[in-house]
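# Topology and contacts: notes
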Amino acid sequence: MISRHLIISGRVQGVGYRDAFRHEAEKRDVTGWVRNCRDGGVEALVQGAPEAVDAVIAWARRGPSMARVTDLRVSLPPAELDRPYAHFERWPTA
């Protein structure tokens, strides 16, 4: 199992990005969370089998049809967020 922290920029709010992201993650048995950021971006943490996490990251580069992703940064999660997650959640805006 691996964990990755994502920061997604572009037109990713108000286009169903978080709900579509959650659907993609759940479809692939990936756990973690997704939330809007006050700067207009989206932040997520994905956790699961390497090939499943990679598939979610590949999807995140495109997003749903109305989204326009201009940047996607992927890193290891910060220590305070690096813990096991039981399912995929939609968190409040940060």
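See the structure above.
Residues numbered from 1 in each chain as written. Predicted model: local features only at pLDDT ≥ 70, side-chain atom pairs only at ≥ 80, totals over all residues. Heavy atoms only, no water.

We now examine the pattern of salt bridges. Under the criterion given, the structure shown has 6 salt bridges. Between Glu-26 and Arg-22 there is a salt bridge, with the nearest N and O atoms lying 3.4 Å from each other. Of this pair, Glu-26 and Arg-22 both sit in helix 1 (residues 17–27), 4 residues apart, which is roughly one turn of the helix. With relative accessibility at 44%, the residue Glu-26 sits in the partly exposed group. Two residues, Asp-71 and Arg-73, come together in a salt bridge whose shortest N-O distance is 3.8 Å. Residue classification places Asp-71 among the partly exposed residues on the basis of a relative accessible area of 34%. Put simply, Glu-24, Lys-27 and Arg-28 are held in one network by salt bridges that share partners. (Salt bridge = Lys/Arg side-chain N within 4 Å of Asp/Glu carboxyl O. Helix = DSSP H or I, 4+ residues; strand = E, 2+ residues; numbered from the N terminus. Buried < 20%, exposed > 50% of the residue type's maximum accessible area, 1.4 Å probe, protein only.)

With that settled, consider unusual backbone geometry. Within the chain, Asp-29 stands out as a residue other than glycine whose phi angle is a positive 60°. Mapped onto the elements, Asp-29 comes out in the loop between helix 1 and strand 2 (31–36). A relative accessible area of 70% places Asp-29 in the exposed class.

With that out of the way, let us pick up helix 1. Think of an α-helix as turning once every 3.6 residues; residues three or four places apart then point the same way. Every buried residue of helix 1 is accounted for by Tyr-17, Arg-18, Ala-20, Phe-21, Glu-24 and Ala-25. Projected onto a plane normal to the axis of helix 1, the buried residues spread over an arc of 165° and lie on a single side. Asp-29 lies just past helix 1 and shows a positive phi near 60°. (Arc of directions from axis to C-beta.)

Before going further, it helps to examine the pairing of strand 1 (residues 2–11). In this sheet, strand 3 (residues 42–48) lies alongside strand 1 in antiparallel orientation, the contact comprising 7 bridges. Across the sheet, Ile-7 pairs through a bridge with Glu-43, a residue of strand 3. Note: strand 1 against strand 4 (residues 68–75), 7 bridges, orientation antiparallel. Pairing of Arg-11 across the sheet is with Arg-68, part of strand 4. (Pairing = 2+ DSSP bridges.)

It is worth spelling out the side chain of Ser-3 at this point. Tracing the chain through its elements places Ser-3 in strand 1. Among residues more than four places away in sequence, those in contact with Ser-3 are Val-46, Gln-47, Leu-76, Pro-77 and Asp-82. (Contact = heavy atoms within 4.5 Å.)

Okay, the packing of aromatic side chains next. Any aromatic ring pair is given by two values, namely how distant the centres are and how the planes are angled relative to each other. Throughout the structure, instances matching the rule amount to 6 aromatic pairs. Centroid distance Tyr-17 to Phe-21: 6.1 Å. Interplanar angle 40°. Geometry classified as tilted. Taken together, the positions of Tyr-17 and Phe-21, both in helix 1 and 4 residues apart, correspond to about one turn of that helix. An aromatic cluster is present here, built from Tyr-17, Phe-21, Trp-59 and Phe-88 joined pairwise through their rings. (Phe/Tyr/Trp six-rings, centres within 6.5 Å; stacked < 30°, edge-to-face > 60°.)

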